[in-house]
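# Understanding the architecture of this molecule
Here are the chains, one letter per residue:
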Amino acid sequence: MSEETTYVEEYNAVVEALNKYNEGGAKADSAIMSQGFHPEAVVYAAGETAVSGGTAKEALFDVIDTSFSPSNSRPAIVFVDIVGDAASARVDTDNFDGHRFTDYFHLLKVAGEWKIIAKTFYTHPDPMNS
């Protein structure tokens, strides 16, 4: 058998990076979450009139550590698409500190390890406040 990495192995490695995000979110712990991210990763979201975001540290990790509480979040990996050393994924999460998110991730395989390099997200409206 060939030494080449199979799609299943690559898929599982991408899921491992996404699961660091999911676990860190559930525990409101950026130290766990950041393990799945590249140090130069960015995070952005669109609001009604503007795009906001920045580095993962500023736009995600600092917020997780100061504004979120551990929760019984329920994530679902909706899709993973891998081509060579690039991948995209979608994760939908219910009850992430009481919020519902759809996250789109872009990952690169860097030095043999899959890392999230970009996250864009949508926060679903709270049906109780609509």
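Quantities reported herein were computed from a predicted structural model and do not represent experimental measurements.

### Quick word on the packing of aromatic side chains
- Using the criterion set out here, one finds seven aromatic pairs in the structure.
- With a centroid separation of 5.3 Å and 75° between ring planes, the pair formed by F68 and F96 is classed as edge-to-face. Taken together, the residues F68 in the loop between α3 (56-67) and β3 (74-83) and F96 in strand β4 (residues 86-96) connect sequence positions 28 residues apart.
- The exposure class of F68 is buried, given its relative accessible area of 18%.
- In this structure F96 comes out as buried when scored by relative accessible area, which is 4%.
- Judged by centre distance (5.9 Å) and plane angle (70°), the rings of F101 and F121 are edge-to-face. Of the two residues, F101 is situated in strand β5 (residues 99-110) and F121 in strand β6 (residues 113-123); the sequence distance between them amounts to 20 residues.
- Three or more aromatic residues link up through ring pairs in this structure, and these residues are Y21, F37, F61, F68, F96, F101, F105 and F121.

### Some words on a nonpolar patch on the surface
- Taken together, V78, F79 and Y104 make up a surface patch of nonpolar side chains, about 260 Å² in accessible area.
- Classification of Y104 by relative accessible area gives partly exposed; the value is 35%.

### Some words on the pairing of strand β1 (residues 37-46)
- Two elements, β1 and β6, share five bridges in a ladder whose sense is parallel. Within β6, the position partnered with V43 by the bridge is K119.
- As defined by bridge partners, β1 adjoins strand β2 (residues 51-55) across five bridges and the pair is classed as antiparallel. Of the residues in β2, the one forming a bridge with V42 is T55.

### A closer look at the environment of G98
- Along the chain, G98 falls in the loop between β4 and β5.
- Residue G98 is classed as exposed on the basis of its relative accessible area of 54%.

### Observations concerning the pairing of β6
- The sheet contact formed by β5 and β6 spans 10 bridges and is antiparallel. Within β6, the position partnered with T102 by the bridge is Y122.
- Taking the residues that link successive antiparallel strands as the turn, the β5-β6 hairpin has two residues, and the phi of A111 there is positive, at about 50°.

### Some remarks on the pattern of salt bridges
- Per the stated rule, a full pass over the model turns up six salt bridges.
- For K109, the salt bridge is made with E10, and the minimal N-O distance between the two is 2.7 Å. Of this pair, K109 sits in strand β5 while E10 is found in helix α1 (residues 7-27), placing the two residues 99 residues apart along the sequence.
- For D92, the salt bridge is made with R90, and the minimal N-O distance between the two is 2.8 Å.

### Some thoughts on the side chain of T102
- By the secondary structure assignment, T102 is in strand β5.
- A distance of 3.1 Å separates a polar atom in the side chain of T102 from a polar atom in the side chain of D92.
- Those residues within four positions of T102 in sequence are excluded, and the remaining contacts are R90, V91, D92, T120, F121, Y122 and H124.

Conventions and cut-offs
- Residues numbered from 1 in each chain as written.
- Predicted model: local features only at pLDDT ≥ 70, side-chain atom pairs only at ≥ 80, totals over all residues.
- Heavy atoms only, no water.
- Phe/Tyr/Trp six-rings, centres within 6.5 Å; stacked < 30°, edge-to-face > 60°.
- Helix = DSSP H or I, 4+ residues; strand = E, 2+ residues; numbered from the N terminus.
- Buried < 20%, exposed > 50% of the residue type's maximum accessible area, 1.4 Å probe, protein only.
- Patch = residues over 30% accessible without salt bridge, like charges linked within 9 Å, V, L, I, M, F, W, Y side chains within 5 Å.
- Areas by Shrake-Rupley, 256 points an atom, 1.4 Å probe, with all protein chains shown as cover.
- Salt bridge = Lys/Arg side-chain N within 4 Å of Asp/Glu carboxyl O.
- Pairing = 2+ DSSP bridges.
- Polar contact = N/O pair within 3.5 Å; in protein donor to acceptor, adjacent residues only side chain to side chain.
- Contact = heavy atoms within 4.5 Å.

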